[in-house]
Amino acid sequence: MEYLIKNAVIATMDKEKPFAASAAVREGKFVFCGGEKEAEGFVSNGAEVLDCGGAFMMPGFNDSHMHYLHYVKSKLSVDLSGADSVEDIVRRMKAALDSYDPKSGLWLVGEGWNQDYFTKGVRRFPTAADLDKITFEHPVLIMRTCYHVGVLNTKAMALIGLDSAEAAKQGDFAEKDSFGNPTGVIKENFFDDIKSRLPYPNLETLIEMMLKAQKDLFAKGITAVQSDDMKYAPEGEAYEMLEKLKAASVDGRLKLRYAEQALSQTKDELDEFFSHDFDSFRGGSFRVSCVKLISDGSLGARTALLKKPYADEPKTRGIAIYTQEELDCFIEECQRRNIPAAVHAIGDGALEMCQRAFASAKAKYPEFSPRHGIVHCQITSKGQVLKFRDLGLLAYTQPIFIDYDMHIVRDRVGDELAETSYAWKDYLDLGVNESFGTDCPVESFDPLRGVYCAVTRRDTNGRGPYLSDEAISAYDALYAYTAAGAYASGDEERYGKTKPGMLADFVLLDRDLTKCPPEEILRAKVLKTFVGGECVYSAK
């Protein structure tokens, strides 16, 4: 297949030729990008013509950190987003009982509540006592919007063996009342373990659901993702899942460019990962791009690790998932094997631990230079941002996070630290490779929301700005959502730019995102999405 693309406004993400008007595609790759008359010389007389009608064209969006399988599984859950109180959560979950089939073997699961959005009653986490009002008979789990905190009813606690002894064993990961009894609130690693053991459809069904859900991403112009899925696969089947995704990519069913960020939370899990050949899962457009680690929790749940106590809850600094020694060992092992590690770190305390670990590992094995990075890197000091450059670390950031966080960050961490956080422009000015994503399903995977927040430093209702000096240009925001993401996964020679030799992954939109007023970014519409030259979505 070959065709000529003409009458387009092309933002190429190629710094040597940032804009063009035409391109030529042959066998799924760009063979030319530039002027229309020149482009005609790169296709035969019988080539198809794609007349874009003046539409804006850019490389397909790359979400550099999300949880695709979790998004797919969330379609089976009760939507609790926007709940205004604990009572509202209980009401929604009770209503879902009407369609709940206990014979399915599944739990009754709800997702997306956020106590900071409660407008009625006390802003608090629900507890088992609240969820028992829904049902005593069936297991219930509700997940906070950050997915670092969950709440179980009494039936669910009984099924997993969460009693006072187990709660004591779990420490900070299981909340307890004054008598040492579990309240039903579970956090971080313990919560992740529970999620991995939940009954869900079998792996074959989940894979088919993942393939079907590609259309959702294509409709938003997303052609590539970097996804953390290992804990969302059926228990004991994570590596089989990777094999099936590779096979689906090889045979063309998985068209999405897919890089797995392989979560390994314990030494045993890391050892299991290293027992496989790192490149053995590569096939088609599927690959494992890095080891994923989690070093702290979330800001909204006050489990992100700060160096000082929370301004609005002085009794806690958050939760450290690892000791410094444990984190050092994990990062050192990745460095020794020349395999990238991407570490979830939100608080400045977690950032400091991660940067110490990376510095130590690089000093010990300087002969290797894997592309290590930190995911989220939200609460930072100026010095920590500088260390990204000095240590050569990637920054996987999610600009959509300020849609919520800008309204709580000063309360959570205080004015001084809030003034140096979410420093997206600083990373770019320092030459740090900063790639954008959404952490979906924590946030919607719609990339235009993130572009808008990065450009305006406002929330999606126009409130703000928050630290307007950290706003970046629309072109830079699009680069972070395309070429920078490809670099982060090690695919910068394959896609992420509109230039000869690159895969023809691109999207057409109804307005020029680099020139339209910022408030129009949220109103932009995806017209068509192409992967490898094939149209995988059309609005008409």
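The coordinates are above.
Residues numbered from 1 in each chain as written. Predicted model: local features only at pLDDT ≥ 70, side-chain atom pairs only at ≥ 80, totals over all residues. Heavy atoms only, no water.

*Asks:* Explain the sheet that holds strand β5 (residues 29-34) residue by residue, including any values.
*Replies:* In space, the four strands of this open sheet follow the order β5-β4-β1-β6, with mixed pairing throughout. Because the sheet does not close on itself, it has two edges, and the strands there are β5 and β6 (48-51). Strand after strand, the sheet turns through a mean of 20 degrees between neighbouring axes, direction not considered. Relative to β5, strand β4 (residues 22-26) runs antiparallel, the two sharing five bridges. For Ala23, the partnering residue across the bridge sits in β5 and is Cys33. (Pairing = 2+ DSSP bridges. Helix = DSSP H or I, 4+ residues; strand = E, 2+ residues; numbered from the N terminus. Axes fitted to C-alpha atoms, helices over the stretch in contact; angles between N-to-C directions.)

*Asks:* Help me get a handle on the pairing of strand β10 (residues 108-113), residues and values and all.
*Replies:* The buried count for β10 comes to six of six residues, which makes it a mostly enclosed element. Note: strand β9 (residues 78-79) against β10, two bridges, orientation parallel. Among the inter-strand pairings, Val78 is bridged to a residue of β10, identified as Gly110. Since β9 and β10 lie parallel, the crossover through helix α3 (residues 86-96) that links them has a hand, and here it is right-handed. Note that β10 and strand β11 (residues 140-144) share five bridges and pair parallel. (Buried < 20%, exposed > 50% of the residue type's maximum accessible area, 1.4 Å probe, protein only. Right-handed = clockwise from strand over helix to strand, strands pointing away.)

*Asks:* Explain the pattern of salt bridges to me, and be specific about the residues and the numbers.
*Replies:* For the structure shown, the criterion picks out 44 salt bridges. The partner of Asp228 in a salt bridge is Lys292, and the shortest N-O contact between them spans 2.8 Å. Placement of Asp228 in the loop between β15 (222-227) and α9 (238-250) and of Lys292 in strand β17 (residues 286-294) is noted, with a sequence separation of 64 residues between them. Given a relative accessible area of 2%, Asp228 falls into the buried group. Put simply, Arg449 and Asp403 hold a salt bridge, and the shortest N to O gap is 3.7 Å. Note that Arg449 is positioned in helix α18 (residues 447-456) and Asp403 in helix α14 (residues 402-405), a separation of 46 residues in sequence. One salt-bridge network, in which partners are shared between bridges, spans Asp116, Arg144, Arg302, Asp312 and Arg412. (Salt bridge = Lys/Arg side-chain N within 4 Å of Asp/Glu carboxyl O.)

*Asks:* Describe the sheet that holds strand β3 (residues 19-20), listing the residues and the values that go with them.
*Replies:* Spatial strand order, β3-β2-β7-β22-β23-β24: six strands in an open sheet with mixed pairing. Looking at strand neighbours, the two that pair on one side only are β3 and β24 (534-538), the edges of this open sheet. Taken together, the four bridges between strand β7 (residues 56-59) and strand β22 (residues 506-509) define a ladder with antiparallel strand orientation. Bridge pairing in β22 links Met57 to Leu508.

*Asks:* Go over unusual backbone geometry, please, and point to the residues and values.
*Replies:* Trans peptide bonds make up most of the peptide bonds, and negative phi angles are found at most residues other than glycine. Following Cys440, the chain continues into Pro441 via a peptide bond in cis, with omega recorded as 10 degrees. Within the fold, Pro441 resides in the loop between β21 (434-436) and α18. Of note, the bond from Gly464 into Pro465 is cis; its omega dihedral lies within 30 degrees of zero at 5 degrees. Located in the positive-phi region is Asn7, a residue other than glycine, with phi close to 55 degrees.

*Asks:* Help me get a handle on helix α7 (residues 188-197), residues and values and all.
*Replies:* Residues separated by three or four positions in an α-helix point in the same direction, a consequence of the helix having 3.6 residues per turn. The element α7 is extensively covered by neighbouring structure, given that eight of its 10 residues are classed as buried. The complete set of buried residues in α7 reads Glu188, Asn189, Phe190, Phe191, Asp192, Ile194, Lys195 and Ser196.

*Asks:* Tell me about the side chain of His376, residues and numbers included.
*Replies:* As for its position among the elements, His376 is in strand β19 (residues 373-376). One polar contact links His376 to His344, side chain to side chain, over a distance of 3.2 Å. (Polar contact = N/O pair within 3.5 Å; in protein donor to acceptor, adjacent residues only side chain to side chain.)

*Asks:* Talk me through the packing of aromatic side chains; I want residue IDs and the actual numbers.
*Replies:* Under the counting rule described, the total for this entry stands at 19 aromatic pairs. Their ring planes at 70 degrees and their centres at 5.9 Å tell us that Tyr68 and Tyr258 sit as a pair that is edge-to-face. Note that Tyr68 is positioned in helix α2 (residues 68-74) and Tyr258 in strand β16 (residues 257-263), a separation of 190 residues in sequence. Residue Tyr68 is classed as buried on the basis of its relative accessible area, which comes to 0%. The ring of Tyr479 has Lys15 sitting right over it, with the charged end atom 4.7 Å from the ring centre. (Phe/Tyr/Trp six-rings, centres within 6.5 Å; stacked < 30°, edge-to-face > 60°. Lys NZ or Arg CZ within 6 Å of the ring centre and 35° of its normal.)

*Asks:* Describe the environment of Phe445, and please don't skip the residues or the numbers.
*Replies:* Inspection of the secondary structure puts Phe445 in the loop between β21 and α18. Along the chain, Phe445 and Ile222 lie 223 residues apart, while their C-alpha atoms are 8.7 Å from each other. Non-local contacts of Phe445, meaning those with residues more than four positions away in its chain, are made with Asp63, Met66, Tyr71, Asp216, Leu217, Lys220, Ile222, Thr438 and Cys440. (Contact = heavy atoms within 4.5 Å.)

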